[in-house]
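Close look at the chain arrangement
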Amino acid sequence: MRWPGFRDDSALILPLDPAMLLPPGAPMRLRLDGHVLERKHELHMTLLGREAGRALRDGIGDARIRALFDAFDWQPRGTARYALMHKAKPQWDGPLMAWSLIEHLQAPAFAGFRHALAQASELPLDCGVPHATLYVAGDPYGIGLGDIETYRRCFVREVAASELAPDARMAAR
């Protein structure tokens with residue numbers, strides 16, 4: 001995959017083809033644990049969140065980050081392993097209850113890239129959890145799972161593929 005470039009907020013995200021993760025006929029909405037989640041309009045794997053991206057750009061610069069990105073073979077794949085995530089996001093008028101359904105990704109380059117960045121910058125950057133957010137409720141952008149600790153705090157439960165599928169064809173993908 002090509003270098004995606006940093007977003008204006010310094011996040012580094014790798015766009016993903018929805019067909020790779022969402023089979024034909026995937027529902028637009030899911031009901032999980034009493035919450036209705038809407039399918040996201042775009043799918044991506046976050047390589048660096050805003051804060052980490054900003055710190056790394058300030059520390060080692062865009063060119064070094066891109067060189068490290070280019071050193072890896074980026075071919076993320078879906079695993080058909082899902083998790084329901086929840087986070088109370090602080091807002092000006094009280095917490096926003098945000099829910100996300102993520103699919104774990106097989107992405108060996110992800111941990112290697114983050115490790116290389118941590119070594120180059122001497123910043124504390126863990127290996128993270130490669131995933132794509134498929135469905136959301138509360139916040140259309142998702143939750144933001146930039147590190148392992150945040151993932152652990154937000155994890156609610158594993159979700160069986162059959163809970164996503166209106167019929168057996170989708171559950172067996």
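Structure: above.
To start, this report covers the structure provided alongside it. (Residues numbered from 1 in each chain as written. Predicted model: local features only at pLDDT ≥ 70, side-chain atom pairs only at ≥ 80, totals over all residues. Heavy atoms only, no water.)

All right, on to the packing of aromatic side chains then. How two aromatic rings sit relative to each other is given by the distance of their centres and the angle of their planes. Enumeration according to the criterion identifies 8 aromatic pairs in this entry. Look at Trp3 and Phe69: their rings are 5.3 Å apart centre to centre, the planes differ by 70 degrees, and that puts the pair in the edge-to-face class. Taken together, the positions of Trp3 in the segment before β1 (12-16) and Phe69 in helix α3 (residues 62-70) put the pair 66 residues apart, joining distant regions of the chain. Across this residue pair, the class does not change: Trp3 and Phe69 are buried. Seen in terms of ring centroids, Phe69 and Phe113 are 6.0 Å apart; in terms of plane orientation they differ by 90 degrees. Their pairing is edge-to-face. Of this pair, Phe69 sits in helix α3 while Phe113 sits in helix α4 (residues 108-121), and the two are 44 residues apart along the sequence. Like Phe113, Phe69 is buried. Every member of this aromatic cluster is reached through a ring pair, and the members are Trp3, Phe6, Phe69, Phe72, Trp74 and Phe113. One cation-aromatic arrangement involves Arg57 over Phe6; the distance from NZ or CZ to the ring centre is 4.2 Å. (Phe/Tyr/Trp six-rings, centres within 6.5 Å; stacked < 30°, edge-to-face > 60°. Helix = DSSP H or I, 4+ residues; strand = E, 2+ residues; numbered from the N terminus. Buried < 20%, exposed > 50% of the residue type's maximum accessible area, 1.4 Å probe, protein only. Lys NZ or Arg CZ within 6 Å of the ring centre and 35° of its normal.)

Ordered by their spatial adjacency, 6 strands build an open sheet running β2-β3-β7-β6-β5-β8, and the pairing between neighbours is antiparallel. Whereas interior strands pair on both sides, the edge strands pair on one side only; in this sheet they are β2 (29-32) and β8 (155-159). Geometrically, the sheet is characterised by an average inter-axis angle of 30 degrees between neighbouring strands, direction not taken into account. With 6 bridges connecting them, strand β6 (residues 96-106) and strand β7 (residues 131-137) associate as antiparallel partners. When the bridges of β7 are listed, His104 appears paired with His131. (Pairing = 2+ DSSP bridges. Axes fitted to C-alpha atoms, helices over the stretch in contact; angles between N-to-C directions.)

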